[in-house]
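Next come the chains, spelled out residue by residue.
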Amino acid sequence: MRERLGDTFDPIAVPDLPTPDPDLDRSVAELRRLREAIAGLAHSEVELGDIADRLAEAADLLEPRVPEPARRLEAMWTGAGSRRANPVGGPENPIAPPVRFFGCDDGSVTAEVTLGLAYQGPPGCVHGGISALIIDHMMGFANHWGGRYGMTAHYEIDYRSPTPLLRPLTFRSWVDEVDGRKTWTKATIHAGDRLCVEARGLFLEASVAVPGHPDRRSTVGDGA
Ligand SMILES: CCCCCCCCCCCCCC(=O)SCCNC(=O)CCNC(=O)[C@H](O)C(C)(C)COP(=O)(O)OP(=O)(O)OC[C@H]1O[C@@H](n2cnc3c(N)ncnc32)[C@H](O)[C@@H]1OP(=O)(O)O
């Protein structure tokens, strides 16, 4: 198994996800537009009373129609499963940062992401928990790309320099070492040439029961 990231990157697109309900994806896309438009509106001159009424109308229309959370949880584990619903880039998940990963032919994975105001921690900078979220998920993706599966058992993260909002960030991750059930995976975030964050995680082969499907287990990272 590779021990360090190579110098060459030749991104390969991961197959596009199916779109079983285009209106669902469209609704989420509109919510994301709203999220970015509204984040940071405080102290602006924008009059929001009418907007808030319309948003309440939409929520009132939707809420009575949706199935119970337990039924939705079962349903989301059919078809493309977690890849559509996950909180990093999942097209069905309104809180997901807009991240799309690419597998590279050296075994690493990468993503270019510009994060907006909704993800702010320190002034003008990405919240450390958001970086950690994307990194954890990306390490899972790198494991998948490297033919490894598992749940995060432990990970450590060093914030080396502030991670800017509103500027393209490069996320990278790769399997570093493997030993039986254990996989150690590394990840970095750069702004241009500047290292912002580096992390290392330990993943253990394990599986969890899939809600509503008593005969199925997910090995986490299988995208099931
Ligand atoms: C194209 C399609 C792409 C799709 C991509 C999809 C990507 C999706 C990515 C999604 C990504 C999302 C990712 C997520 O969000 S995963 C969600 C967050 N993680 C969890 O919830 C995990 C909760 N923990 C557990 O379930 C158990 O503890 C696990 C299963 C992890 C281990 O319990 P298990 O009973 O199996 O193990 P064991 O206790 O016998 O120990 C075994 C060995 O491991 C060593 N050990 C254990 N723990 C630690 C520790 N903390 N530090 C250091 N070492 C540790 C231990 O010493 C022993 O070593 P040794 O004595 O053998 O040497």
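Residues numbered from 1 in each chain as written. Predicted model: local features only at pLDDT ≥ 70, side-chain atom pairs only at ≥ 80, totals over all residues. Heavy atoms only, no water.

Next up on the list: the site of the ligand. Neighbouring the ligand are 18 residues; Thr152, Ala153, Arg181, Lys182 and Leu204 lie closest to it. The backbone of Thr152 places a nitrogen or oxygen atom 3.0 Å from a nitrogen atom of the ligand. For the ligand, an oxygen atom lies 2.8 Å from a polar atom in the side chain of Lys182. Calculation on the ligand without its partners gives an accessible area of 1,300 Å², and the protein chains cover 52% of this total. For the shell around the ligand, the secondary-structure elements that each account for two or more residues are helix 5 (128-145), strand 4 (151-159) and strand 7 (194-204). A total of five residues in the shell around the ligand trace back to one element, the largest contributor, which is helix 5. Across the shell around the ligand, the residue classes break down as seven nonpolar, seven polar and four charged. (Near = heavy atom within 4 Å. Polar contact = N/O pair within 3.5 Å; in protein donor to acceptor, adjacent residues only side chain to side chain. Areas by Shrake-Rupley, 256 points an atom, 1.4 Å probe, with all protein chains shown as cover. Helix = DSSP H or I, 4+ residues; strand = E, 2+ residues; numbered from the N terminus. Nonpolar A, V, L, I, M, F, W, Y, C, P; charged D, E, K, R; others polar.)

This next bit is on the UniProt feature "domain: Thioesterase" (unreviewed entry) in the protein. When the UniProt feature table is mapped onto this chain numbering, "domain: Thioesterase" (unreviewed entry) sits at residues 124-194. Along residues 124-194 the backbone is 25% helical and 44% strand, and the end-to-end C-alpha distance reaches 16 Å. (UniProt positions renumbered as here; feature names shortened; annotations may be inferred.)

This part is about the environment of Leu31. Examined against the element boundaries, Leu31 turns out to sit in helix 1 (residues 22-38). Note on Leu31: relative accessible area 44%, which makes it partly exposed. Between the alpha carbons of Leu31 and Leu17 there is a distance of 20 Å; along the sequence they are 14 residues apart. (Buried < 20%, exposed > 50% of the residue type's maximum accessible area, 1.4 Å probe, protein only.)

Attention now moves to helix 1. Its 17 residues place the ends of helix 1 24 Å apart at the C-alpha level, agreeing with the 24 Å of an ideal helix rising 1.5 Å per residue. Residues of helix 1 that are buried make contact with helix 4 (82-85). The N-terminus of helix 1 is capped by Asp21, whose side-chain oxygen sits 3.0 Å from the backbone nitrogen of Asp23. (Expected span 1.5 Å × (residues − 1). Contact = heavy atoms within 4.5 Å.)

For the rest of this paragraph, the subject is the packing of aromatic side chains. Evaluated as defined, the whole model comprises one aromatic pair. Ring plane angle 35° and centroid distance 5.2 Å describe the contact between Phe101 and Phe141, whose orientation is recorded as tilted. Taken together, the positions of Phe101 in the loop between helix 4 and strand 2 (102-103) and Phe141 in helix 5 put the pair 40 residues apart, joining distant regions of the chain. Residue Phe141 is classed as buried on the basis of its relative accessible area of 15%. (Phe/Tyr/Trp six-rings, centres within 6.5 Å; stacked < 30°, edge-to-face > 60°.)

What follows deals with a nonpolar patch on the surface. There is a patch of nonpolar side chains on the surface, built from Leu31, Leu34, Ile38, Val46, Leu48, Ile51 and Leu55 and spanning about 510 Å² of accessible area. Of all elements in the fold, only helix 1 and helix 2 (49-62) reach the threshold of two or more residues within the nonpolar patch. In terms of residues, the nonpolar patch owes the most to one element, helix 1, which gives three residues. Mapping Val46 onto the fold places it in the loop between helix 1 and helix 2. For Val46, a relative accessible area of 48% translates into the label partly exposed. (Patch = residues over 30% accessible without salt bridge, like charges linked within 9 Å, V, L, I, M, F, W, Y side chains within 5 Å. Salt bridge = Lys/Arg side-chain N within 4 Å of Asp/Glu carboxyl O.)

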